[in-house]
Amino acid sequence: MLTCVRVGDVCNKGKNFVVAVSAEGWFHLFDLTSLNSKHSDASGHHELAGAEEQKPVFKQHIPANTKVMLINDVDGDGKCELVVGYTDRVVRAFRWEDSSENPDHVSGQLILLKKWLLEGQVDSLSVNPGPDGSPELMVSQPGCGYAILLCTWDTEQRDAAAGRDGSAPSSEAPVRDVILHQTSGRIHNKNVSTHLIGSIARGSSENSGSGLFALCTLDGTLKLMEGADKLLWSVQVDHQLFALEKLDVTGNGHEEVVACAWDGQTYIIDHNRTVARFQADENVSAFCAGLYACKEGSNSPCLVYVSFSQKIYIYWDVQLERMESTNLLKILDGDPEFESLLQQLDVDKNDVDAVRNLIHKTLYFPEKYHLSNPSQDPAGTDSSTHCSGIQDPL
């Protein structure tokens, strides 16, 4: 039974592989890029024969009872590592060691780098920039907590090479290079399941300091953090949140936090705590969000749901004009045609009350004021002109 599936450049060959790990500890590596030349048509679309069975290009046994998996550069060396969380509260980091000089040939093995032992169950793994901008490996902990796992294998290897290995533990020995954090002073249910996601983009305001990361719990708590000590916002909802993702739905470079509940209720929250909600059609057993090419060969924001009735729902090209609330006056204020119409009606655009009154009459009482006496118009112009002149921009 498969427990973890990820896509990433785990072999550091400049291309993505599909990684599937079973509960028994069998690591399978699939190279689907070799299929492109076989099944691509003139438009660039790839068709996979339904009866064709894909064979792994590599297989290796690692410790069993895998639960979650991450493929990312966790030590800042520019190469991806494989990090696996287990049901026994253990996290292991592996690195692919290539035995072939041919970049197109997969030959090598996974080498264990380090093993950590956590206090609570591991539900998610992520990477987030630390205070100095270097990546930090994060793991969720029950009760809306998390831990930073120190990647010290380079130091340990240097110490071993210098002959200081008398007291140095082996890579398989559980070393507690773990820094535990709680996100607030309020006591949470210490056993509640927690998920986290790091490296949340914040557009042009990116800096070399601590990155943004979010946490959610099964009892409905959502938090956005900047580093270990700065809570940006906290939201409590009445749904059981079991999945957490990040996605830029406005196209402004700021990634929103996306959390999903078992009943399909989906929350999209921006950095200022503005919330948009979406209800999926069925109860959900799995959820993810990201940029996927569903049409015309270009990536677009997508929400992907897997229902308990064995159906996959893909909501593609999910885009919002804005997340923050606004009003009609602010929108029209930037419209040159609206300003020109106000001048024709002899209404000062800086007179907010007059502009608001004009829009109110045009929207809600167009017929009444179209037929009314011009002397009843507080703006001092023919109300029929109001209706005909302002109709187009609204």
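Since we're looking at a predicted model, the values are computed, not measured. (Residues numbered from 1 in each chain as written. Predicted model: local features only at pLDDT ≥ 70, side-chain atom pairs only at ≥ 80, totals over all residues. Heavy atoms only, no water.)

When you go through the chain residue by residue, the secondary structure sums to 7 helices and 23 strands. Looking at the chain residue by residue over its 394 residues, the buried ones come to 42%. Once local pairs closer than 6 in sequence are excluded, the contacts in the chain between residues at least 24 apart make up 49%. Working note: accessible area of the chain is about 20900 Å², and carbon and sulfur atoms make up 49% of it. (Helix = DSSP H or I, 4+ residues; strand = E, 2+ residues; numbered from the N terminus. Buried < 20%, exposed > 50% of the residue type's maximum accessible area, 1.4 Å probe, protein only. Contact = heavy atoms within 4.5 Å. Areas by Shrake-Rupley, 256 points an atom, 1.4 Å probe, with all protein chains shown as cover.)

This brings us to the pattern of salt bridges. Here the structure, examined in full by the defined rule, presents 12 salt bridges. A salt bridge links Arg 95 to Asp 77, with the nearest nitrogen and oxygen atoms 3.2 Å apart. With Arg 95 in strand β7 (residues 90-98) and Asp 77 in the loop between β5 (66-72) and β6 (81-86), this residue pair connects regions lying 18 residues apart in the sequence. Asp 77 sits in the partly exposed class, given a relative accessible area of 36%. (Salt bridge = Lys/Arg side-chain N within 4 Å of Asp/Glu carboxyl O.)

Further remarks concern helix α4 (residues 336-344). All of the buried residues in α4 are Phe 338, Leu 341 and Leu 342. Down the axis of α4, the buried side of the element spans an arc of 100 degrees, and every buried residue falls inside it. Among the exposed residues of α4, those oriented more than 90 degrees off its buried face are Pro 336, Gln 343 and Gln 344. A distance of 3.0 Å separates the backbone nitrogen of Glu 337 from a side-chain oxygen at the start of α4, and that oxygen is part of Asp 335. Of the residues one or two after α4, Asp 346 is the one with positive phi, at around 60 degrees. (Arc of directions from axis to C-beta. Polar contact = N/O pair within 3.5 Å; in protein donor to acceptor, adjacent residues only side chain to side chain.)

Next up on the list: unusual backbone geometry. A positive phi angle, near 55 degrees, is found at Asn 12, a position not held by glycine. As for its position among the elements, Asn 12 is in the loop between β1 (2-8) and β2 (17-22). Although it is not a glycine, Asp 346 adopts a positive phi angle of roughly 60 degrees. Take Asp 346: it is sitting in the loop between α4 and α5 (352-364). Under the relative-accessibility criterion, Asp 346 is labelled exposed at 63%.

Across the sheet, which stays open at both edges, the 4 strands sit in the order β9-β10-β11-β12 with antiparallel pairing between neighbours. The sheet terminates laterally at β9 (125-129) and β12 (178-182), the two strands that pair on one side only. Across the sheet, the mean angle from the axis of one strand to that of its neighbour is 35 degrees, orientation sign disregarded. Of the pairings in the sheet, the one linking strand β11 (residues 145-149) to β12 comprises 5 bridges and is antiparallel in character. If you follow Ala 147 over to β12, its bridge partner there is Leu 180. (Pairing = 2+ DSSP bridges. Axes fitted to C-alpha atoms, helices over the stretch in contact; angles between N-to-C directions.)

For the rest of this paragraph, the subject is the sheet that holds strand β18 (residues 256-261). Each strand in a sheet pairs with its neighbour through backbone hydrogen bonds, running either in the same direction (parallel) or in the opposite one (antiparallel). Read from one edge to the other, the open sheet built from 4 strands follows the order β17-β18-β19-β20, with strand pairing classed as antiparallel. Each having just a single partner strand, β17 (241-247) and β20 (275-279) make up the two edges of the open sheet. Pairwise comparison of adjacent strand axes, ignoring direction, gives a mean angle of 20 degrees for this sheet. Two strands pair when backbone bridges link them, and β17 and β18 are joined in this way by 6 bridges, in the antiparallel orientation. Each residue of the ladder has a partner; that of Leu 247, found in β18, is Glu 256.

Per the stated rule, a full pass over the model turns up 9 aromatic pairs. Where Phe 278 meets Tyr 305, the ring centres are 6.2 Å apart and the plane angle is 40 degrees; that geometry is what we call tilted. Here Phe 278, found in strand β20, pairs with Tyr 305, found in strand β22 (residues 298-307); they are 27 residues apart in sequence, far enough to count as distant. On the accessibility criterion, Phe 278 (28% relative accessible area) is partly exposed. An aromatic cluster of three or more residues is present, and its members are Phe 278, Phe 287, Tyr 305 and Tyr 315. (Phe/Tyr/Trp six-rings, centres within 6.5 Å; stacked < 30°, edge-to-face > 60°.)

Before going further, it helps to examine the nonpolar core. Counting 22 residues, the largest nonpolar core has Val 10, Val 19, Phe 27, Leu 29, Leu 82 and Phe 94 as the members making the most contacts within it. Once residues within four sequence positions are removed from consideration, Phe 94 is found in contact with Ile 62, Pro 63, Glu 81, Leu 82, Val 84, Tyr 86, Leu 110, Ile 111, Leu 112 and Leu 113. (Core = buried A, V, L, I, M, F, W, Y, C linked by side-chain atoms within 4.5 Å.)

Structurally, Thr 221 can be placed in strand β15 (residues 221-226). Judged by its relative accessible area of 2%, Thr 221 is buried. A polar side-chain atom of Thr 221 sits 2.8 Å from a polar atom in the side chain of Gln 236.

Attention now moves to the environment of Arg 322. Relative to the helices and strands, Arg 322 resides in the loop between β23 (312-315) and α3 (328-333). By relative accessible area, which is 30% here, Arg 322 ends up partly exposed. The sequence separation of Arg 322 and Thr 250 amounts to 72 residues, and the corresponding C-alpha distance is 5.8 Å. Apart from the residues lying within four places of it in its own chain, the contact partners of Arg 322 are Thr 250 and Ile 331. One polar contact links Arg 322 to Glu 321, side chain to side chain, over a distance of 3.2 Å.

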